[in-house]
Amino acid sequence: MLNHLLRTYIPRQTLISIKTFYNSITNPIFSSFSPNMTTNVIVFDPKAPSTPVSYPIKTLEELKNRTYFNSFHFQFNKASVPLVSSNGADVKLPNRRRMMVCHDMAGGYIDDKWIQGGSNPDAYAIWHWYLIDVFVYFAHELVTLPPPCWVNAAHKHGVKVLGTFIVEWDDGRVIAEQLLATPAVARMYAKRLAELAEALGFDGWLINMEVSLDIEKIPILKEFVSHLTEVMHSSVPGSLVIWYDSVTIEGQLNWQNQLNESNKPFFDISDGIFLNYSWQEDYPRLSAAVAGDRKFDVYMGIDVFGRGTYGDGQWTTNVALDVIKKNDVSAAMFAPGWVYETQQPPDFQTAQNRWWNLVEKSWDITQKYPKVLPFYSNFDQGHGYHLSVDGNLVSDAPWNNLSNQSFQPYLEFSEDTATEAIHAFIDFKGASYSGGGNITFKGVLEGDSYITKRIFLGELHLGTSPLCLTFSVKAEGSSVIGLKLEFTNTNDDAENTTSILLASWGDALLTMERFSSKFNTVIMPHHVKKIETVPEWIIQETNVTMQDSTLTGIHALCYKSDPKSASSEYHAVLGHISIKGSTDNTIFPPASNWHVESQNINWKSDHQGNKTLSVNIIWKLNSNVASVFSKYNIYVENETNGTNEESVQASKYVGVALVEAYYVSALSVPAGVTGVKFIIQACGINGEFQELADSPFVRLHPLI
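Residues numbered from 1 in each chain as written. Predicted model: local features only at pLDDT ≥ 70, side-chain atom pairs only at ≥ 80, totals over all residues. Heavy atoms only, no water.

Peer 1: Got a minute to help me understand the pairing of strand S6 (residues 240-244) in this structure?
Peer 2: Look at any regular strand and the pattern is simple: side chains alternate between the two faces of the sheet. Of all five residues in S6, five are buried; the element is thus mostly enclosed. Taking every second residue as pointing to the same face, both faces of S6 are buried, with Leu240, Ile242 and Tyr244 on one and Val241 and Trp243 on the other. Note: strand S5 (residues 204-210) against S6, four bridges, orientation parallel. Paired with Leu206 across the bridge in S6 is Ile242. Each parallel crossover has a hand, and the one from S5 via helix H7 (residues 218-235) to S6 is right-handed. Across three bridges, the pairing between S6 and strand S7 (residues 272-275) is parallel. Bridge pairing in S7 places Tyr244 opposite Phe274. (Buried < 20%, exposed > 50% of the residue type's maximum accessible area, 1.4 Å probe, protein only. Helix = DSSP H or I, 4+ residues; strand = E, 2+ residues; numbered from the N terminus. Pairing = 2+ DSSP bridges. Right-handed = clockwise from strand over helix to strand, strands pointing away.)

Peer 1: I'm lost on the sheet that holds strand S20 (residues 494-502) in this one. Help?
Peer 2: Think of a sheet as strands paired side by side through backbone hydrogen bonds, with each pair either parallel or antiparallel. Here we have five strands laid out as an open sheet, ordered S17-S24-S19-S20-S21, and mixed in their pairing. Either end of the sheet is taken by a strand with one partner, and the two such strands are strand S17 (451-461) and strand S21 (521-523). Here the strands of the sheet are splayed against their neighbours by 25° on average, with no regard to which way each runs. Relative to strand S24 (residues 550-560), S17 runs antiparallel, the two sharing eight bridges. Opposite Leu457, over in S24, you have Gly553 as the bridge partner. Most of the contacts of helix H13 (residues 508-515) go to S24, to which it runs at about 115°, and overall it touches S20, S21 and S24. (Axes fitted to C-alpha atoms, helices over the stretch in contact; angles between N-to-C directions. Contact = heavy atoms within 4.5 Å.)

Peer 1: Which parts of the structure should I look at to understand the pairing of strand S23 (residues 534-544)?
Peer 2: Of the strand pairs in this sheet, strand S18 (residues 467-475) and S23 are connected by seven bridges, and their pairing is antiparallel. Looking at S23, one finds that Thr470 is bridged to Glu541. Note that strand S22 (residues 527-531) and S23 share five bridges and pair antiparallel. Its bridge partner lying in S23, Lys529 is registered against Ile539.

So, to be careful, I would describe these as geometric facts and stop short of saying anything about function.
Here it is in structure tokens:
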């Protein structure tokens, strides 16, 4: 709470003084402990095997010596989701005004530092990626490395991710002297930063030199920024180096709040400038004039906490956005975690959706998906109270892991849900078909009426091959869900729009009579199935052919299968949507094609014969060909002496891996267990997964 009050009300210069005093009397350490533990804080040893975590680099010595690459945790911190465009080329920023979001959430490295996931079902997350172009992971550490969960979630939605290099406070003056000792030293540190971004899979750096410098150091500082930009562009095509409006070309720490002669030399040798947030109404216009044809590389800062920011931030953040939009430059929102940190009422989900709705109304949508095939979404936000696979519950433990986040729906926010006929929302408590969430549609529908709800806005360009669309529904009474697809194509320079209804299974004749006049085409499902273990889920599959068209919209169509139903209550759940082409089926190699091994095995026993096991499991295809799987579910089976099936207990879900390694920490192994079998279940990007019986595994036996 104290940190929260400081951040909200105390000016920056006062905070600098407080930080300086604090550093003089403390020696903070990075503590590492299990995400399920609340005590036993220990000094962090990055070389020792332990639950994988993300952490910053705190000294130039560590950066210079590449010590991070010798860390046990390095292998786990690599992002696994690449950032690619619809044609497979490197993603470049669009030639329009853009939205940058600078994370700065409660100091960083909280629930998101647990790479394999934590246990907080209400952990902070962002899911309005369709409003964002660039995401910056920010903390007050020398080198802030984005946790891979943020990179994976952002990249999935087409958003670039930057780390932060920041030099600040009185200690920062000493660091700056070392960093800028000579041009050669500065170039060396620039190369080290580029190496980290390339190795970990993120897209560049925000550079914040928030200290005063001797004037003779400015040419070396320019060399540092210029070389970093050059090396980043060559090692990570499409990458960005963004300069923060801090020290000036005269060496003074004097935030300009606009692009001018005092900071433009840094703008000229980087990919853009993040301007401080204390600007005045005409500064966006003046900055655009100075930038010329690079006006979209000017990012006007907005502090969402409202600390001296134009428009006061918070629930009036849109005031600043409107001015920025009017002058056609870009925006940089600092600390949108304000909604979470200040516990805005009535709850985080509602407040977050309401706040981002202000942004959408002011700024408009910038990202669209689906863009490429295959496309799969189970609407998982990356946290929840349970996990399901193919309709079956595999874990009822609360969890968080942003790497699990699926493509997020474009659900529209309503200020007054009481007047909505049908309210659409992400439900974390109800049963999910896959992952930890679903879209629930709940309300009232009378007779023949129906309602559409926006789910996705796409840019999926189609050829001549048919699409296969699959979606899962769980509904009460006569409530049903169909999918409305919107396509565009251009003929004779005229754009034509086509709407297709993928109707729910049921009475085909009645469905056609009701909807054939309202849509260009109505298609009944080609295949309908139920899962034997969870028959309440209905999986519907439909083929669609729309040659040389673009899929631009996917909406849920809520209606009643029986218009004469006595009940007007409506309640239906959408579990997932899958879209794939004829060649998008996943081929899973047999278990014999994988090499699986265990490392850092550590058995411990108590006096009653119970044991715990910690082990690092790694795997790869024998062919050394890079795998194309989106993730791996990890299961464990306890085995006892015997020759029948009763000697093997049921598979138990352990966790999920986004890289080809998983660290098992202090797994309880009951007395009498003679063998522990870990199974690695590969999952395709189209939502398919390998059967456990066919999956690779490794077997370990307790020490006697």
